[in-house]
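Architecture at a glance
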Amino acid sequence: MDLNSPRGTADIYGKDLKYRNFIEDTAKKLFKNFNYAEIKTPTFEHTEVFNRGIGESTDIVQKEMYTFKDKKGRSLTLRPEGTASVVRAIIEHKLYSKRLPLKVFYNGNMFRYERPQKGRMREFHQLGAEAVGIDNPVIDAEIIWLTNRLFEELGFKNLELLINSIGCVECRPNFLKEFKSYLEPRLDKLCSDCKIRYYKNPLRIFDCKKTKCKEVVKNGPKIFNYLCDNCRKHIDSVIDYLKKLNIKYEINYNLVRGFDYYTKTIFEVISKQIKSAQNALGGGGRYDNLISQFGGPDMPAIGFAIGVDRTAILMEQLKIKPKCFNGFKKVYLIAMEEKSYPFILEISKVLRKDFICEINFKPKNLGSELKWAEKNDFGFAVIIGEEEASEKKITIKDIEEYKQYEFDWLTQKDKLIDLLKGK
Ligand code: AMP
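What you see is a predicted model, and the numbers here were worked out from it, not measured in a lab.

In the vicinity of the ligand lie 15 residues, with R112, E114, M121, Q126 and R257 positioned nearest. Here Q126 contributes a side-chain N or O atom positioned 3.0 Å from an oxygen atom of the ligand. Separating an oxygen atom of the ligand from a backbone N or O atom of L281 is a distance of 3.1 Å. For the ligand, the accessible surface in isolation is 480 Å², of which the surrounding protein chains cover 91%.

Okay, helix α13 (residues 341-351) next. Turning to α13, its buried residues number three or more, namely Y341, F343, I344, I347, S348 and L351. Taken around the axis of α13, the buried residues stretch over an arc of 155°, which confines them to a single face. Summarising the geometry of α13, the exposed residues directed more than 90 degrees from the buried face are P342, L345 and K349. On its buried face, α13 sits against β12 (330-335), β13 (356-359), β14 (378-384), α15 (386-391), β15 (393-398) and α16 (409-421).

We now examine helix α11 (residues 308-317). Listed as buried for α11 are V308, D309, T311, A312, L314 and M315. K319 lies just past α11 and shows a positive phi near 55°.

Below, the discussion takes up the nonpolar core. Core analysis: the biggest nonpolar cluster contains 55 residues, and V132, L183 and L190 have the highest contact counts within it. When residues in this core are grouped by element, the largest group, 6 residues, is from helix α4 (residues 83-92). Leave out the neighbours within four places in its chain, and L183 touches L190, Y198, I205 and V216. In this structure, A129, C228, V238 and I247 belong to the second largest nonpolar core, which totals 46 residues.

Note that E388 resides in helix α15. Lacking a salt bridge, the buried E388 has K393 as its closest oppositely charged neighbour, with an N-O distance of 8.7 Å. In contact with E388, other than residues within four places in its own chain, are F343, I383, K393 and T395.

On to the domain arrangement of the chain. What the domain assignment lists for the chain is domain 1 (14-171 + 227-317) and domain 2 (330-421). Taking only C-alpha atoms, the centre of domain 1 and the centre of domain 2 are 45 Å apart.

Taken as a whole and assessed by the stated rule, the structure comprises 20 aromatic pairs. Seen from their ring centres, F175 and F179 are 5.3 Å apart, and the 15° between their planes marks the pair as stacked. With a gap of 4 residues between them, F175 and F179 both fall in helix α6 (residues 172-183), about one helical turn apart. Following the ring pairs from residue to residue traces out a cluster consisting of F175, F179, F206 and Y226. Over the aromatic face of F378 sits the side chain of K330, whose NZ or CZ is 4.5 Å from the ring centroid. In this arrangement the basic side chain of K413 is found over the ring face of W409, its NZ or CZ atom lying 4.9 Å from the centre.

All right, on to the sheet that holds strand β2 (residues 44-46) then. Spatially, 3 strands are ordered β2-β4-β3 in an open sheet, and the strand pairing comes out antiparallel. On the outer flanks of this sheet lie β2 and β3 (67-69), each paired with one strand and no other. Within the sheet, the average angular offset between the axes of one strand and its neighbour, ignoring direction, is 35°. Its contacts with the sheet put helix α2 (residues 47-54) on β2, β3 and β4 (75-78), and the angle it makes with β2 is roughly 80°.

There is about 360 Å³ of room inside the second largest pocket. Lining the second largest pocket are 16 residues, with N148, K157, L159, E160 and K248 sitting closest to its centre. Elements with a contribution of two residues or more to the lining of the second largest pocket: α5 (137-154) and β7 (159-165). The leading source of residues in the lining of the second largest pocket is α5, at 4 residues.

We now examine the pairing of β4. Looking at chain direction, β2 and β4 are connected through 3 bridges and run antiparallel. When the sheet's bridge partners are listed, F44 is paired in β4 with L78. With 3 bridges joining them, β3 and β4 adopt antiparallel strand pairing. Directly across from T67, in β4, lies its bridge partner T77. Taken together, β3 and the strand that follows it, β4, pair antiparallel across an intervening segment of 5 residues, in which G73 is found at a positive phi of about 85°.

Turning to the environment of K189, a few remarks are in order. In this fold, K189 is placed in the loop between α6 and α7 (192-200). The spacing of K189 and C213 is 24 residues in sequence and 7.1 Å in space, taken between C-alpha atoms.

Take the environment of K364 next. Along the polypeptide, K364 turns up in the loop between β13 and α14 (366-375). Considering only alpha carbons, one finds K364 and I334, 30 residues apart in sequence, at a separation of 8.8 Å.

The next subject is the pattern of salt bridges. A full pass over the atoms with the stated rule returns 25 salt bridges. Of the charged contacts, one joins E92 and R88 as a salt bridge, the two residues approaching to 2.8 Å between their closest N and O atoms. Linking E92 with R88, this pair stays in helix α4, spanning 4 residues, or about one helical turn. The exposure class of R88 is buried, given its relative accessible area of 18%. Here R149 makes a salt bridge to E153, at a shortest N to O gap of 3.5 Å. In this pair, R149 and E153 both sit in helix α5, 4 residues apart, roughly one turn of the helix. When salt bridges with common partners are traced through the structure, they connect D59, K63, D193 and R197 into a single cluster.

Conventions and cut-offs
- Residues numbered from 1 in each chain as written.
- Predicted model: local features only at pLDDT ≥ 70, side-chain atom pairs only at ≥ 80, totals over all residues.
- Heavy atoms only, no water.
- Near = heavy atom within 4 Å.
- Polar contact = N/O pair within 3.5 Å; in protein donor to acceptor, adjacent residues only side chain to side chain.
- Areas by Shrake-Rupley, 256 points an atom, 1.4 Å probe, with all protein chains shown as cover.
- Buried < 20%, exposed > 50% of the residue type's maximum accessible area, 1.4 Å probe, protein only.
- Helix = DSSP H or I, 4+ residues; strand = E, 2+ residues; numbered from the N terminus.
- Arc of directions from axis to C-beta.
- Contact = heavy atoms within 4.5 Å.
- Core = buried A, V, L, I, M, F, W, Y, C linked by side-chain atoms within 4.5 Å.
- Lys, Arg positive; Asp, Glu negative; His and termini not counted.
- Salt bridge = Lys/Arg side-chain N within 4 Å of Asp/Glu carboxyl O.
- Domains from an automatic or database assignment.
- Phe/Tyr/Trp six-rings, centres within 6.5 Å; stacked < 30°, edge-to-face > 60°.
- Lys NZ or Arg CZ within 6 Å of the ring centre and 35° of its normal.
- Pairing = 2+ DSSP bridges.
- Axes fitted to C-alpha atoms, helices over the stretch in contact; angles between N-to-C directions.
- 1 Å grid on protein atoms, 1.4 Å probe; cavity = no way out; pocket = protein on both sides within 12 Å on 5 of 7 lines; lining within 4 Å.
- Points joined across faces, edges and corners; volume = space filled by probe spheres on them.

This is how it looks when you write it as structure tokens:
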């Protein structure tokens, strides 16, 4: 039996899990703050949901879906993203029939058959939100603001927000005509996939990661310059609202994002500190035609998703400590010998009401215990030797600040607790 988890999947535990839980908890709090309600959809759907939703000629549908037949021969697919499933559920349960916008969020594992590398997995996790039923640019600004706030709450400082508009059914055909006539004499410079995209779905050429295709696209016409009045007014208002909210952005005329359902506003959050192609942490956009394409009412919508795994990796790389690691300091109670344990238990009974405490259950060398505490994000170490135990004295080390304090347990308990609380 092969005991390795399948390629592109991971067992998540220990510190990695803490980062992810922190990201999920922070997002859930923020979603509630912006009045988004949770929705959970199945891990797999009828294949058609993604074929029609994401688009037949996208990389995801062409190459990356985990599609299988069930015992009755039905074609099912593990979800590669969240929006198509949420839209399917909204239509099935007519969730749009109440006050609009309908605002929902989700959090779950997604599956794409990609070539695994750091930050790119075959099973990964996304959390995202959708706002359905309103085409007012204020809601575009709200969704972008929410994405931005999420990364701020997580402790990121130097991320970049890219935005663009890819127009609507009115204006996109004009652009595509120009784009195709620009590409025609340059077809031999494109990769074989992009040559096919030229005929089937030229906008997808913007997704290509190959340098030669990027070079061709770079000097070509930009969809932003072909927007109809309505789309232009829309993106101008979104930008005005972002300015009002003091959100820094950059218009990136080559941004299209890899799904066919997007219209008008699209955006992506990237980190220039990641030098690989895996530098996008999340993104989203408007999808004004998807609900009607699925057979629902003609209803605009906008949403976004962030990659939890990639965000966690970047937090670790940038040494961003989850606020809970700092704000809620953990205490390591170190018994220097067997005789220390009764006093250690007495202390932990009090401290565990407010703090995460761990005890060393086997006295060992102090240096190695302190190293372990530092590596495992303990803010403080309480050291109890024979003298401390008999005199009920506490020696406590602030591990991050390299400071040491002494307290008399019976008379200075409150002072000790204030120190742990950072007062
Ligand atoms: P997308 O659904 O492609 O717009 O992706 C949204 C976010 O999900 C990306 O910015 C990544 O952070 C994350 N993501 C997408 N695909 C993967 C993957 N294969 N592995 C890990 N994270 C991913």
